[in-house]
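Structural characterization, general
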Amino acid sequence: MATKYHNLSDYDANSVPSGEGMKVGIVVSEWNSEITGALLNGALKTLTDNGVSEDDIKVMTVPGSFELIYGAQQMTKLPLDAIIAIGCVIRGDTPHFDYICEGTTAGLSRLNATQDIPVIYGLITTNDMQQAKDRCGGKLGNKGDECAVTAIKMVDFRRRIK
Ligand code: DLZ
């Protein structure tokens, strides 16, 4: 979580294993594409900065954040080491926000716990567009960076536990 003490793009490069040879899938929601595109770019840059080859990254889009669950589940069938799910839900005037956030979070959590490869939670849930901009390359960094570092660390975790 971004706090005034923690920037989403800050990480200790020495603590990140090499991503060389890791295959990473990214499923991205088209809703709020200005935000999700920036999150995707952050994730791509941080993955490749840490050794993941562009050829080993597969990006797929889905219409909305709720579809991230199905999209990520389908991508687990591919020869990938981790999947990053990227979406942005912005609060509106109806309870729809809560249903999408809760449904998507529960679905991605279930996948993360039941699939063989880690599913990384890249869903931004904010009260307004400015809060989203702050978290996709703005004053609080980019959650895409955080997701990329987490994906590499979790692939390394799985390799070490085997
Ligand atoms: C319907 C909807 C609404 C109102 N808001 C968002 C949003 O802020 N972010 C997002 O990613 N998706 C939104 N959606 C679309 C739903 O995620 C989903 O695509 C539709 O309900 C169809 O299943």
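The notes below deal with the structure included here. Worth saying up front: this structure is predicted, and the values here are computed from it rather than measured.

1. Points about the site of the ligand
Taken together, Ser29, Trp31, Asn32, Gly64, Ser65, Phe66, Glu67, Cys88, Val89, Ile90, His96 and Ile100 make up the full set of residues near the ligand. Side-chain polar atom of Glu67 to an oxygen atom of the ligand: 2.5 Å apart, as the coordinates give it. With respect to the ligand, the backbone of Cys88 contributes an N or O atom lying 2.8 Å from a nitrogen atom. Here the ligand has 490 Å² of accessible area as a free molecule, and 71% of this is covered by the chains. Elements represented by at least two residues in the shell around the ligand include exactly strand S3 (82–90) and helix H3 (96–114).

2. Topic: H3
If you check H3, its first and last C-alpha atoms are 27 Å apart, about what 19 residues at 1.5 Å a residue would give, namely 27 Å. Within the span of H3, buried status applies to Phe97, Cys101, Thr104, Gly107, Leu108 and Leu111. For H3, the angular spread of the buried residues around the axis is 145 degrees, confining them to a single face. Counted as exposed and oriented over 90 degrees from the buried face of H3: Tyr99, Glu102, Arg110, Ala113 and Thr114. Looking at the packing, one finds that the buried side of H3 touches helix H2 (68–75), S3 and strand S4 (119–126).

3. A word on the pattern of salt bridges
Within the structure shown, the criterion is met by 8 salt bridges. With its nearest N and O atoms 3.7 Å apart, the salt bridge here joins Arg159 to Asp81. Here the residue Arg159 occupies a position in helix H5 (residues 143–161), and Asp81 occupies one in the loop between H2 and S3, the gap between them amounting to 78 residues. Exposure remark for Arg159: the relative accessible area of 42% places this residue in the partly exposed category. The buried category is assigned to Asp81, whose relative accessible area is 18%. Note that Arg158 is salt-bridged to Asp116, the shortest N-O span being 2.9 Å. Highlighted residues: Arg158 in helix H5 and Asp116 in the loop between H3 and S4, separated in sequence by 42 residues.

4. Observations concerning the pairing of strand S2 (residues 57–62)
One ladder, built from 6 bridges, connects strand S1 (residues 24–29) with S2; its direction is parallel. In the sheet register, Val28 faces S2, and the bridge partner there is Thr61. Of the crossover connections in this fold, the one passing from S1 over helix H1 (residues 33–49) to the parallel S2 is right-handed.

5. Digging into the nonpolar core
Counting residues in each nonpolar core, the largest one holds 26 residues, and the members touching the most others are Ile26, Leu47, Val52, Ile84 and Ile86. Among the secondary structure elements, those contributing two or more residues to this core are S1, H1, S3, S4 and H5. In terms of residue count, the dominant contributor to this core is H5 (6 residues). Each residue touching Leu47, except ones within four places of it in the same chain, is listed here: Val24, Ile26, Val52, Ile57, Ile84, Ala148 and Ile152. Residues Val62, Met75, Leu80 and Ala85 belong to the second largest nonpolar core, which totals 17 residues.

6. Here we look at the sheet that holds S2
Overall, parallel pairing links the 4 strands, which are arranged S2-S1-S3-S4 in an open sheet. Since the sheet does not close on itself, it has two edges, and those belong to S2 and S4, each with one partner. On average, each strand axis in the sheet is inclined to that of its neighbour by 15 degrees, with strand direction left out of account. In the packing of H1 onto the sheet, the strands contacted are S1, S2, S3 and S4, and the crossing angle to S3 comes to about 155 degrees. Strands S1, S2, S3 and S4 of the sheet are contacted by H2, whose axis makes an angle of about 160 degrees with S1.

Conventions and cut-offs
Residues numbered from 1 in each chain as written. Predicted model: local features only at pLDDT ≥ 70, side-chain atom pairs only at ≥ 80, totals over all residues. Heavy atoms only, no water. Near = heavy atom within 4 Å. Polar contact = N/O pair within 3.5 Å; in protein donor to acceptor, adjacent residues only side chain to side chain. Areas by Shrake-Rupley, 256 points an atom, 1.4 Å probe, with all protein chains shown as cover. Helix = DSSP H or I, 4+ residues; strand = E, 2+ residues; numbered from the N terminus. Expected span 1.5 Å × (residues − 1). Buried < 20%, exposed > 50% of the residue type's maximum accessible area, 1.4 Å probe, protein only. Arc of directions from axis to C-beta. Contact = heavy atoms within 4.5 Å. Salt bridge = Lys/Arg side-chain N within 4 Å of Asp/Glu carboxyl O. Pairing = 2+ DSSP bridges. Right-handed = clockwise from strand over helix to strand, strands pointing away. Core = buried A, V, L, I, M, F, W, Y, C linked by side-chain atoms within 4.5 Å. Axes fitted to C-alpha atoms, helices over the stretch in contact; angles between N-to-C directions.

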